[in-house]
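# Residue-level structural notes
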Amino acid sequence: MLKFKKTKYITSGITTNSRMADFPKDVWMKCDSCSQMILKEDVVDNHYVCYKCGKYFRLRAKTRIKFIADEGSFVSWDDDLKSTDPLNFPGYEEKMEALKSKLKISDAVLTGKCKIGGKETVICIMDGRFMMGSMGYVVGERITRAVEQATQQKLPVVIFSCSGGARMQEGMVSLMQMAKTSMALKEHSKAGLFYLSVLTDPTTGGVTASFAMLGDIILAEPGALVGFAGPRVIEQTIRQKLPEGFQRSEFLLEQGLIDGIITRENMVDEIANLLEIHSSKPKLNDIVKPLDEIKSNVKVKAEKCTTWEKVEIARSKERPTALDYIEDVFDDFYELHGDRRAYDDTAIIGGIGHFCGRAVTIIAQQKGRNTKDNIYRNFAMPRPEGYVKALRLMKQAERFNRPIICFIDTPGAYCGMDAEEHGQGQAIAKNLFEMSALGVPILSIVIGEGGSGGALALGVGNEVWMMENATYSVLSPEGFASILWKDASRASEAASVMKMTASDLKELKIIDDIIEETSPACEENLRIICQEMKSKIHTFLKKRDNKSAQEIISERQKRFRAF
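Residues numbered from 1 in each chain as written. Predicted model: local features only at pLDDT ≥ 70, side-chain atom pairs only at ≥ 80, totals over all residues. Heavy atoms only, no water.

## Focus: the overall build of the protein chain
Heads up, the rule is: Helical segments are the DSSP runs of H or I of at least four residues, strand segments are the runs of E of at least two, and each set is numbered from the N terminus. Note that the radius of gyration is over C-alpha atoms, with the globule rule given as 2.2 Å times the number of residues to the power 0.38. Residue exposure (1.4 Å probe, protein chains only): buried if accessible area is under 20% of the type maximum, exposed if over 50%, otherwise partly exposed. For this analysis, residues touch if any pair of their heavy atoms sits within 4.5 Å. Computed with a 1.4 Å probe, the accessible areas rest on the Shrake-Rupley method; for each residue, only the protein chains presented here act as cover. This count recognises Lys and Arg as positive and Asp and Glu as negative, with His and chain-terminal groups excluded. A single reference atom marks each charge: NZ on Lys, CZ on Arg, CG on Asp, CD on Glu.
Looking only at helices and strands, the protein chain features 24 helices and 18 strands. For 563 residues, the compact-globule estimate of 2.2 N^0.38 gives 24 Å, and the C-alpha radius of gyration of the protein chain, at 27 Å, lies within 12% of that figure. Seen through its principal axes, the protein chain has C-alpha atoms that stretch 80 × 55 × 55 Å. Taken across its 563 residues, the protein chain has 50% of its residues classed as buried. Counting contacts in the protein chain only where the partners sit at least 6 residues apart, residues at least 24 apart contribute 71% of the total. Total accessible area computed for the protein chain in this model is approximately 26700 Å², and 52% of it derives from carbon and sulfur atoms. Computed over 77 positive and 76 negative side-chain charges, the separation of the two mean positions in the protein chain equals 3 Å.

## Thoughts on the packing of helix H16 (residues 384–399) against helix H18 (residues 424–435)
Defined as follows: Structural elements are reduced to axes, namely lines fitted to C-alpha atoms, with helices fitted over the stretch in contact, and the angle between N-to-C directions of any two is expressed from 0 to 180 degrees. By the definition adopted for this analysis, an angle is roughly parallel if under 35 degrees, roughly antiparallel if over 145, roughly perpendicular if from 65 to 115, and oblique otherwise. By the definition used in this description, the sense in which the near helix is turned from the far one sets the handedness, with an anticlockwise turn below a right angle giving left-handed and a clockwise turn giving right-handed. Put simply, Ala, Val, Leu, Ile, Met, Phe, Trp, Tyr, Cys and Pro go in the nonpolar bin, Asp, Glu, Lys and Arg in the charged bin, and everything else, Gly too, in the polar bin.
Viewed as axis vectors pointing N to C, H16 and H18 meet at an angle of 20°, and their least axial separation amounts to 8 Å. Judged on the interaxial angle alone, H18 and H16 are roughly parallel. The handedness of the crossing between H16 and H18 is left-handed. Between H16, through Pro384, Tyr387, Ala390, Leu391, Met394 and Lys395, and H18, the contact on the second element is made entirely by Gln424, Ala427, Ile428, Lys430, Asn431, Glu434 and Met435. Along the lines of polarity and charge, the residues of the contact of H16 with H18 split into 8 nonpolar, 2 polar and 3 charged.

## A closer look at unusual backbone geometry
Put simply, Asp201 and Pro202 share a cis peptide bond, and its omega is -10°. Tracing the sequence through the fold places Pro202 in strand S7 (residues 195–204). Of note in this structure, His47 is not a glycine but carries a positive phi near 60°. Positionally, His47 belongs in the loop between helix H3 (40–45) and helix H4 (61–68). Despite not being glycine, Asn378 has its phi angle at roughly 55°, a positive value. Mapped onto the elements, Asn378 comes out in the loop between helix H15 (371–376) and H16.

## A word on helix H11 (residues 264–277)
What counts here: Here the expected span of a helix is defined as 1.5 Å times the quantity of residues minus one.
In a regular helix each residue adds 1.5 Å, so 14 residues correspond to 20 Å; H11 covers 20 Å between its end C-alpha atoms and thus fits that length. Of all the residues in H11, the buried ones are Arg264, Met267, Glu270, Ile271, Ala272, Asn273, Leu274, Leu275 and Ile277.

## Comments concerning helix H7 (residues 171–190)
Taking 1.5 Å per residue as the helical rise, H7 with its 20 residues ought to reach 28 Å, and the 30 Å between its terminal C-alpha atoms agrees with that figure. Looking only at H7, the buried set comprises Ser174, Gln177, Met178, Thr181, Ala184, Leu185 and His188. Those residues of H7 hidden inside the fold are in contact with helix H6 (137–153), strand S6 (157–163), S7 and helix H8 (205–208). Count one or two residues on from H7 and you reach Gly192, which has phi positive near 75°.

## Here's the deal with the side chain of Ser210
Here Ser210 is to be found in the loop between H8 and strand S8 (217–220). When sequence neighbours within four positions are dropped, the list of residues in contact with Ser210 reads Met135, Met178, Thr181 and Ser182.

## Some remarks on the nonpolar core
This is how it is decided: Take the buried Ala, Val, Leu, Ile, Met, Phe, Trp, Tyr and Cys residues and link them wherever side-chain atoms come within 4.5 Å; each set so joined is a nonpolar core.
One finds Ile271, Tyr325, Phe330, Phe407, Ile445 and Ile537 to be the most contacted residues of the largest nonpolar core, which totals 85 residues. Considering each element in turn, this core owes the most residues, 8 residues, to helix H23 (residues 526–543). Once residues lying within four places of it in the same chain are set aside, the contact partners of Ile445 are Ile405, Cys406, Phe407, Ile408, Trp465, Ile515, Met533 and Ile537. Trp77, Val147, Ala224 and Val226 belong to the second-largest nonpolar core, a separate cluster that totals 37 residues.

## Here we look at the pairing of S7
Basically, it comes down to this: If DSSP finds at least two bridges between two strands, the strands pair. Place the viewer so that the strands point away; then a crossover is right-handed whenever the path from the first strand over the helix to the second strand goes clockwise.
Most of S7 sits inside the fold, with 10 of its 10 residues counted as buried. Judged from the 6 bridges that link them, S6 and S7 form a sheet pairing that is parallel. Looking at S7, one finds that Phe160 is bridged to Val198. You can see the chain leave S6, run along H7 and come back into S7, and the turn it takes is right-handed. In terms of strand pairing, S7 meets S8 through 4 bridges, oriented parallel. Bridge pairing in S8 places Val198 opposite Leu219. The pairing of S7 with strand S9 (residues 226–227) spans 2 bridges and is classified as parallel. Across the sheet, Thr203 pairs through a bridge with Val226, a residue of S9.

## Concerning the state of the cysteines
For clarity, the threshold we go by: Throughout, disulfides are identified as pairs of cysteine sulfur atoms within 2.5 Å of each other.
Tallying each qualifying case throughout the model produces 0 disulfides. Of all cysteine sulfurs in the structure, the one in Cys530 sits closest to Cys406, which takes part in no disulfide; the separation is 17 Å.

## A few points about the packing of aromatic side chains
Short version of the rule: Any Phe, Tyr or Trp ring, taking Trp's six-membered ring, that has another such ring centre within 6.5 Å forms a pair; planes under 30 degrees apart are called stacked, those over 60 apart edge-to-face, and the others tilted.
Tallied over the entire structure, the rule returns 8 aromatic pairs. With a centroid separation of 6.3 Å and an interplanar angle of 85°, the aromatic rings of Trp465 and Phe540 are classed as edge-to-face. Of this pair, Trp465 sits in strand S16 (residues 463–467) while Phe540 is found in helix H23, placing the two residues 75 residues apart along the sequence. For Trp465, a relative accessible area of 2% gives the class buried. The exposure class assigned to Phe540 is buried, which follows from its relative accessible area of 1%. Where Phe480 meets Trp485, the ring centres are 6.1 Å apart and the plane angle is 80°; that geometry is what we call edge-to-face.

## Side note on the pairing of strand S14 (residues 404–410)
Of all 7 residues in S14, 7 are buried, a share of seventy percent or more. Side-chain alternation along S14 places Ile404, Cys406, Ile408 and Thr410 on one buried face and Ile405, Phe407 and Asp409 on a second face that is also buried. The pairing of strand S13 (residues 358–365) with S14 spans 4 bridges and is parallel. Residue Ile362 lies in a different strand from S14, and its bridge partner there is Ile405. With 6 bridges connecting them, S14 and strand S15 (residues 442–451) associate as parallel partners. Bridge assignment links Ile405 to a residue of S15, and that residue is Leu443.

## Description of the confidence of the model for the protein chain
Put simply, the rule is: pLDDT measures how confident the predictor is about each residue, on a scale from 0 to 100.
Averaged over every residue, the pLDDT of the protein chain is 92; residues scoring 70 or more account for 93%. Per-residue pLDDT stays below 50 along residues 1–23; that stretch engages in 27 contacts with residues further than four places along the chain or on separate chains.

Here is the structure:
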């Protein structure tokens, strides 16, 4: 093929027929999104993404293998598996043979084993060119066999979905593949093995309603169409025009149905990182920098504050947020989104990171750094969906034997009408119920405000710590004064009798430890605070390194039974 360097005609957007006539046709292609003529070679170099509008083009299965797998590592499985024609559907066999001859593939999925970033992995990649990527017997059987092999060999599974759904020409046999693949994944899950699902454009119908949405982590390429019923079917059924972006991956992220969006540029690194996180439990490394070395460079400012002053410090917009601590204490934090039901509550963030070489799950209530950010974070007041997201990630942590670190910083659970309609009390109660019996260590740290049950929903830890200037209370001082004295203006007086400071609660044995702040936590002293926090977390994890799940559960239950 002839190759051409970029010219001024490309960068200036000139795409007239006279200009195009000067170049061989196989050099150019028309983007079906922006309608611009683009160089094929540049599209390939750009990971098969339009360099003018960002449109993601669909990839052939073999192309994606080359793109994602370590060079020369892929071994194909079950290529000789033959399809059935259970309905004796007219012309079906002939159409299948014609596609096989034309596309040089035997059906709509390629399965096998490869390495991604050096990690051995079972991989399944669907090819939308073959019968629209529909799932018949061969597709279902190949995926099922691949997952079964992964279970036997104790390997993770990565599936790239691209499908129009069940294959109509195979009738109920096609439908049964939904249950069959799901059953295989359940056994894989019971074995404690990791499954990553990557949704590409399109992923619809029976594939969406089975293996595509069952990943421990579900990611989607930008702009991918994902849904059970296709948009045309929905519009014809409800007789309404669907909003722009409906059923696209960005919409799914907002609705809490997927964990994140993955770009092709970062795909290999992100998948390799997730596979590494979910591999065998590594030994906890030692703290790299001694605490005293950092302390010697920090001026200590001793301050005696009243309880109300500490309330104001805990609420200060200058105070570091959960993300500030996460960034400094942990490595490679990878945020996961959504309750997998209806919403991604941004008041609670959660994900996976590394602490001294050990994979951990991190869950936090996140305040904003300014008014706009606070509105986006709902002022760190979680809705029910936020607590459901937190619990989902905690249960996932237990499955993969990851310790859980929770950062508490909320004025309280959101008390809006929609929160009540969606079961705010039930969501908090469910967290308390489930956290009591999770078989991995849980550490809860109050870094700012610990407001009532909204804070306790992340506070059922084996140990609970507080920052020196944090507060933790049955409700806000304003609420306390309003209820008991019918006068919210007496909030400062209420604070002084509520025993809500770290020193008060340490004396009551409500909390186990206090993290010194030297002076109120801010950007200037964040490093020293984080280093002390890191040292204490290291000790916390080391103490529980060789404890069984039952010992960890028993320790937590005894702690709360004593109150």
